[in-house]
Number of protein chains: 2
Amino acid sequence: MLELKVDLGDRSYPIFIGANILSDPNYFLPYIKGKSVAIVTNETVAPIYLDTIRSTLAGCDLTVVTLPDGEQYKNLETLNLIFDKLLQSRHTRKTTMVALGGGVIGDMTGFAAACYQRGVDFIQVPTTLLSQVDSSVGGKTGVNHALGKNMIGAFYQPNAVVIDTATLNTLPDRELSAGLAEVIKYGLICDQSFYEWLQENIDRLMSRDPEALSYAIHRSCQDKARVVEADEKESGIRAILNLGHTFGHAIETHTGYGSWLHGEAVAVGMVMAADLSFREGNLSKEDVDGIVTMLKRVSLPTLPPSGISPGRFVELMAVDKKVLDDQLRLVLLDSVGNANVTDRFNHKNLMDCLEQFCS
Amino acid sequence: MLELKVDLGDRSYPIFIGANILSDPNYFLPYIKGKSVAIVTNETVAPIYLDTIRSTLAGCDLTVVTLPDGEQYKNLETLNLIFDKLLQSRHTRKTTMVALGGGVIGDMTGFAAACYQRGVDFIQVPTTLLSQVDSSVGGKTGVNHALGKNMIGAFYQPNAVVIDTATLNTLPDRELSAGLAEVIKYGLICDQSFYEWLQENIDRLMSRDPEALSYAIHRSCQDKARVVEADEKESGIRAILNLGHTFGHAIETHTGYGSWLHGEAVAVGMVMAADLSFREGNLSKEDVDGIVTMLKRVSLPTLPPSGISPGRFVELMAVDKKVLDDQLRLVLLDSVGNANVTDRFNHKNLMDCLEQFCS
């Protein structure tokens, strides 16, 4: 079992990483103040893990909210289903919510916890690689709006994050790959030696070697915690975590939520960001090719879907939250292992990049 | 012009109180960081004050969101109308929201500001007495749910509160009275000398004497700020601000939002809380009668609507947020000027109280 701490003063919390820790009450009970617990999960995860966590929390008064599965349900309407159930079951301010599922469940449960009676405790139990290395850590919660992703939400930290690596055994291949996109991202933005480790070990990760996966999850959470500790509410440096995301969100918005996985869109976005970084003179062609090669080894796409014109692509990027005062800001690479957030890039380079990728 | 400060560390903010300060940019511009401002108001307030504030903020890029007027619109659906407009108008994280209206507008705008892109700045411009002395100060924001009032929300402090006392000139009599219920509340829970001042000056307030109103608003905000500073997130003492509210919420829920004004329900609730405090041996019969007399001088109701049985009343009280772990907690008076929050009262006394008031 590996443990690390996200250090945010009175909002600090531990992350536990280990196989089968879902069935160990010691990782849960110290973080549950009252007796009352609401587990929020979805139709895919419930049949596999709900019984286990029910036994683990057998001493608590449990309410279970099972939501439909998919990014298309990450909205205010579905959020309200959680509130309905909590109120019908008379949950008070002393309740603890448990998010059992992937990023969508984690983001919605966290946001519901932030808003329910103006804030209750919650525990993240991420069951996908993507949510284990990314969304469960750092306190970003929220839902989508028809006009943009994650437009409505809160910064709200969990009381603990419990990552059971055994849950990855049931994860579909495509989602494993999507999660690895974010793992690779940490290497690119802030951890060159991890990136080098990934180049050596990427096949072990793809074959689900438990030791390699635990190491990569721990290192990714560590990298993310370091960035979040420096800038909890994303007034600056935290935005580097969005490498590839502004390009990626354009793809997700264009295709409609749910057809591309988030990690797949981010993978293409990272390639495009790397390409623009190359055009800006900060990355070598070899670096860009190396990134493309690694993503391909992970079975991730490296090109956007056809049918988005460069003009439309820019338009879709501009709705993204990272736009400040009409200035498009992007995360670009200074080198492999170093990212920066900037609105100072040559617009022609961006358009050339989009011309190359969009057809 | 009177000014006071709510001292909450890095979330501190000023409250400005004065006649016609709505037209003075000096009370707004220092609290607006970007150029972009979204004013949220309603159909009743907009025709009277929107032009004034438009001129005051003439240098900003303004978006106006005009909502229907009424507590029945204080829900997630209406909240989403704010998000729609903000996103359509491309408001970024650097936008500042301005709540121009009464408590419903203030609560919804504050909650929208808390959630929009995970948090933007906002300024409260309360235009009713109730919102000036209560909801605009202290950072409680939120919306109602079909199963209970203010069940979904956030603690989110404004950047400034601008109270233009001249707006009270257009306030309907019934709403003036409803606001005075909360003013009287401050005297009862924590400020005996203010309560004595009110006994002397209540008629001046009813006749809208500007000097008396300014004094009462300032003193009420001061009292509230003191309580909020001691317990921002209501883990203890802040709950005394809910004197009469648990009884009152039962009335509001029974009658449906919108037929009784909040202050009217609170007035009855305060009488019931005082009656229970008397039964508990902490208040004299004369104190209770004095409270009833003052509320009557303010044209406020002192009895609940007919048709709620005592059993139903308790049931409706129990859905209130102030219930912790199935224990009904109430704000009771130790004396005029001193309140406490307790679950240690004689249940028979409560039922006797309800028997007396419910028919």
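Residues numbered from 1 in each chain as written. Chains lettered and ligands numbered in written order. Predicted model: local features only at pLDDT ≥ 70, side-chain atom pairs only at ≥ 80, totals over all residues. Heavy atoms only, no water.

**As for the domain arrangement of chain A**
Residue and element names in this part refer to chain A. Under the domain assignment used here, chain A contains domain 1 (2-168) and domain 2 (173-357). Using only C-alpha atoms to locate each centre, domain 1 and domain 2 end up separated by 26 Å. Each partner contributes residues to the interface: domain 1 has 34 residues there, and domain 2 has 34 residues. Between domain 1 and domain 2 lies a buried interface of about 2900 Å² when both sides are counted; carbon and sulfur atoms form 65% of it. The largest contributions to the domain 1 side of the interface with domain 2 come from Leu-129, Val-133 and Lys-149, which together make up 22% of the buried area. At the boundary of domain 1 with domain 2, the tally comes to four salt bridges. The salt bridge involving Glu-252 is made with Lys-149; its shortest N-O contact spans 3.1 Å. Counting the contacts that link domain 1 with domain 2 gives ten residue pairs in polar contact (both at pLDDT 80 or more). Among the elements of the structure, strand E1 (2-6), strand E2 (13-18), helix H4 (129-135), strand E7 (140-145) and strand E8 (148-155) are those that each provide at least two residues to the side of domain 1 that touches domain 2. In terms of residues, the side of domain 1 that touches domain 2 owes the most to one element, H4, which gives six residues. (Domains from an automatic or database assignment. Contact = heavy atoms within 4.5 Å. Buried area = accessible area lost by both parts, 1.4 Å probe. Salt bridge = Lys/Arg side-chain N within 4 Å of Asp/Glu carboxyl O. Polar contact = N/O pair within 3.5 Å; in protein donor to acceptor, adjacent residues only side chain to side chain. Helix = DSSP H or I, 4+ residues; strand = E, 2+ residues; numbered from the N terminus.)

**A short note on the packing of aromatic side chains**
Evaluation of the coordinates by the stated rule reveals 16 aromatic pairs over all chains. Consider the rings of Phe-16 of chain B and Tyr-27 of chain B, whose centres lie 5.0 Å apart with planes at 55°: the pair is tilted. In this pair, Phe-16 of chain B is assigned in strand E2 (residues 13-18) and Tyr-27 of chain B in the loop between E2 and strand E3 (36-42), connecting sequence segments eleven residues apart. By relative accessible area, Phe-16 of chain B is classed as buried at 5%. Considering the side-chain rings of Phe-247 of chain B and Phe-313 of chain B, the 6.4 Å spacing of their centres and the 50° angle between planes classify their relative orientation as tilted. Of this pair, Phe-247 of chain B sits in helix H8 (residues 245-255) while Phe-313 of chain B sits in helix H11 (residues 310-318), and the two are 66 residues apart along the sequence. With relative accessibility at 1%, the residue Phe-247 of chain B sits in the buried group. Its relative accessible area of 0% is what places Phe-313 of chain B among the buried residues. Three or more aromatic residues joined by ring pairs form one cluster here, namely Phe-16, Tyr-27 and Tyr-31 of chain A. (Phe/Tyr/Trp six-rings, centres within 6.5 Å; stacked < 30°, edge-to-face > 60°. Buried < 20%, exposed > 50% of the residue type's maximum accessible area, 1.4 Å probe, protein only.)

**Structural notes on the packing of H8 of chain B against helix H9 (residues 262-279) of chain B**
All names here are of chain B. Running from N to C, H8 and H9 cross one another at 130°; their axes reach a closest spacing of 7 Å. When the interaxial angle is binned, H8 and H9 end up oblique. Along this stretch, H8 crosses H9, giving a crossing that reads as right-handed. Listed contacts from H9 to His-245, Phe-247, Gly-248, His-249, Ile-251 and Glu-252 of H8 are His-262, Ala-265, Val-266, Val-268, Gly-269, Met-272, Ala-273 and Leu-276. Its residues assigned to classes, the contact of H8 with H9 shows eight nonpolar, five polar and one charged. (Axes fitted to C-alpha atoms, helices over the stretch in contact; angles between N-to-C directions. Parallel < 35°, antiparallel > 145°, perpendicular 65-115°, else oblique. Left-handed = near helix turned anticlockwise from the far one by under 90°. Nonpolar A, V, L, I, M, F, W, Y, C, P; charged D, E, K, R; others polar.)

**Overview of the relation of the copies chain A and chain B**
The two copies are related by a screw operation: chain A maps onto chain B through 180° of rotation and 0.0 Å of translation along the axis, at an RMSD of 0.0 Å. Expressed as a symmetry operation, the mapping of one chain copy onto the other fits a two-fold axis. Minimal C-alpha separation from the rotation axis in chain A is found for Leu-76 of chain A, amounting to 3.9 Å. Both copies contact each other with a shared surface, as 100% of the interface residues of chain A are interface residues in chain B too. (Least-squares fit on C-alpha atoms with pLDDT ≥ 70 in both.)

**Comments concerning unusual backbone geometry**
In terms of backbone geometry, most residues other than glycine have negative phi values and most peptide bonds are trans. Residue and element names in this part refer to chain B. One non-glycine residue with positive phi stands out, namely Gln-117, at about 50°. Position of Gln-117 relative to the elements: it lies in the loop between helix H3 (103-115) and strand E6 (121-126). The class for Gln-117 is buried, based on a relative accessible area of 4%. Although it is not a glycine, Glu-234 adopts a positive phi angle of roughly 55°. Turning to its location among the elements, Glu-234 is positioned in the loop between helix H7 (210-230) and H8.

**Concerning the sheet that holds E3 of chain B**
Residue and element names in this part refer to chain B. A sheet is described by the order of its strands in space; here seven strands give the open sequence E1-E2-E9-E6-E5-E3-E4, paired in mixed fashion. The sheet is open, and its two edges are formed by strand E1 (2-6) and strand E4 (61-67), each paired on a single side. In this sheet, adjacent strand axes meet at a mean angle of 15° when their direction is disregarded. H7 contacts E1, E2 and strand E9 (160-164) of the sheet and is inclined by roughly 10° relative to E1. (Pairing = 2+ DSSP bridges.)

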